[in-house]
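Here are the chains, one letter per residue:
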Amino acid sequence: MSEQDKNVKLSDNERLKRESNFLRGTIEQDLKDEITGGFTADNFQLIRFHGMYQQDDRDIRGERAKQKLEPLHNVMLRARMPGGIIKPEQWLAIDKFADEKTSYGSIRLTTRQTFQFHGVLKPNIKGMHQMLNSVGIDSIATAGDVNRNVLCTTNPVESELHQEAYDWAAKISEHLLPKTKAYAEIWLNGEKAETTEAVSYTHLTLPTNREV
């Protein structure tokens with residue numbers, strides 16, 4: 001790095017990325033901290049690169065403050081789902097998790113052609129990522145100052161051209177992922193993350209060699 005580069009004042013997002021040990025920060029330590037239900041310091045922002053925003057239940061914020069309790073922290077997760085394509089077994093898995101492990105018992109569909117979990121408490125966060133990975137879904141780079149989800153206005157069952165358009169959306173999504181293994185190390189116990197799988201249509205394939 002040149003002296004000129006060192007003297008350039010970075011935005012806070014660029015500063016925390018540079019100081020985060022490739023998006024790891026101290027997220028793992030925060031997960032083990034049972035004193036608070038939230039993430040501290042830079043980790044509050046870093047979890048966005050893992051696809052999550054920290055929130056709290058605003059309806060009970062005032063009551064908890066009167067009781068001298070911190071806000072009821074939870075996270076919202078946005079899935080990485082190029083073109084919004086999902087298999088039935090994936091949908092059943094996320095529906096089961098939403099029903100059993102979120103505060104609201106619901107799945108939120110978004111204009112980014114994906115879904116979001118809301119109201120996931122800290123003890124359930126790691127299990128959420130592992131469940132998603134088990135069915136070929138992740139949330140890498142779906143929040144914060146990154147590409148989020150890649151949209152594709154196409155139905156891959158319509159024709160080979162539609163399938164090709166979706167294939168490119170999936171390839172672009174893979175290409176734009178951060179080149180770090182932080183996601184797998186923190187949420188999947190170091191195991192390789194499963195590439196987001198496409199529905200098994202003729203001529204429809206996805207790359208499988210990305211690094212996380």
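Residues numbered from 1 in each chain as written. Predicted model: local features only at pLDDT ≥ 70, side-chain atom pairs only at ≥ 80, totals over all residues. Heavy atoms only, no water.

## Thoughts on a nonpolar patch on the surface
So the rule is basically this: Two distance rules govern patches: like charges are joined within 9 Å, and nonpolar side chains (Val, Leu, Ile, Met, Phe, Trp, Tyr) within 5 Å, applied only to residues with over 30% relative accessible area and no salt bridge. Using the Shrake-Rupley algorithm and a 1.4 Å probe, accessible areas are obtained, with residue cover drawn only from the displayed protein chains. Basic side-chain nitrogens of Lys or Arg form a salt bridge, by our definition, when they fall within 4 Å of a carboxyl oxygen of Asp or Glu. Strands are runs of DSSP state E lasting at least 2 residues, helices are runs of H or I lasting at least 4, and numbering of each runs from the N terminus.
A contiguous nonpolar patch, built from Ile 60, Leu 72 and Leu 121 and spanning about 180 Å² of accessible area, is present on the exposed surface. Relative to the helices and strands, Leu 72 is located in the loop between helix H5 (61–66) and strand E2 (73–78).

## Here's the deal with the pairing of strand E4 (residues 115–120)
Defined as follows: Buried, partly exposed and exposed residues are distinguished by accessible area as a fraction of the type maximum, computed with a 1.4 Å probe on protein chains only: under 20%, between the cut-offs, and over 50%, respectively. Strand pairing is assigned whenever DSSP detects at least two bridges linking the two strands.
Most of E4 sits inside the fold, with six of its six residues counted as buried. Relative to E4, E2 runs antiparallel, the two sharing three bridges. When the sheet's bridge partners are listed, Leu 77 is paired in E4 with Phe 117. Of the strand pairs in this sheet, strand E3 (residues 107–109) and E4 are connected by three bridges, and their pairing is antiparallel.

## A short note on the layout of surface pockets
Worth spelling out the cut-off: Both site types are read off a 1 Å grid over the protein atoms alone. A 1.4 Å probe that fits but cannot get out defines a cavity, while an open set with protein on both sides within 12 Å along at least five of seven lines defines a pocket; lining residues have an atom within 4 Å of a point. Grid points are joined across faces, edges and corners, and a volume is the space filled by probe spheres set on the points. Charged residues are taken to be Asp, Glu, Lys and Arg, nonpolar residues to be Ala, Val, Leu, Ile, Met, Phe, Trp, Tyr, Cys and Pro, and polar residues to be all remaining types, Gly included.
Approximately 230 Å³ is the volume attributed to the largest pocket. Every residue lining the largest pocket is counted, 15 residues in all, and those nearest its centre are Thr 36, Gly 37, Leu 121, Lys 122 and Pro 123. Tallying contributions element by element places helix H7 (residues 122–134) first for the lining of the largest pocket, with four residues. Counted by class, the lining of the largest pocket contains five nonpolar, four polar and six charged residues. Gln 55, Asp 56, Asp 57, Arg 58, Asp 59, Arg 61, Asn 74, Tyr 104, Arg 108, His 118 and Gly 119 together form the lining of the second largest pocket. Of all the secondary structure elements, the ones that give two or more residues to the lining of the second largest pocket are strand E1 (52–56) and E4. Among the residues making up the lining of the second largest pocket, the classes are represented as one nonpolar, four polar and six charged.

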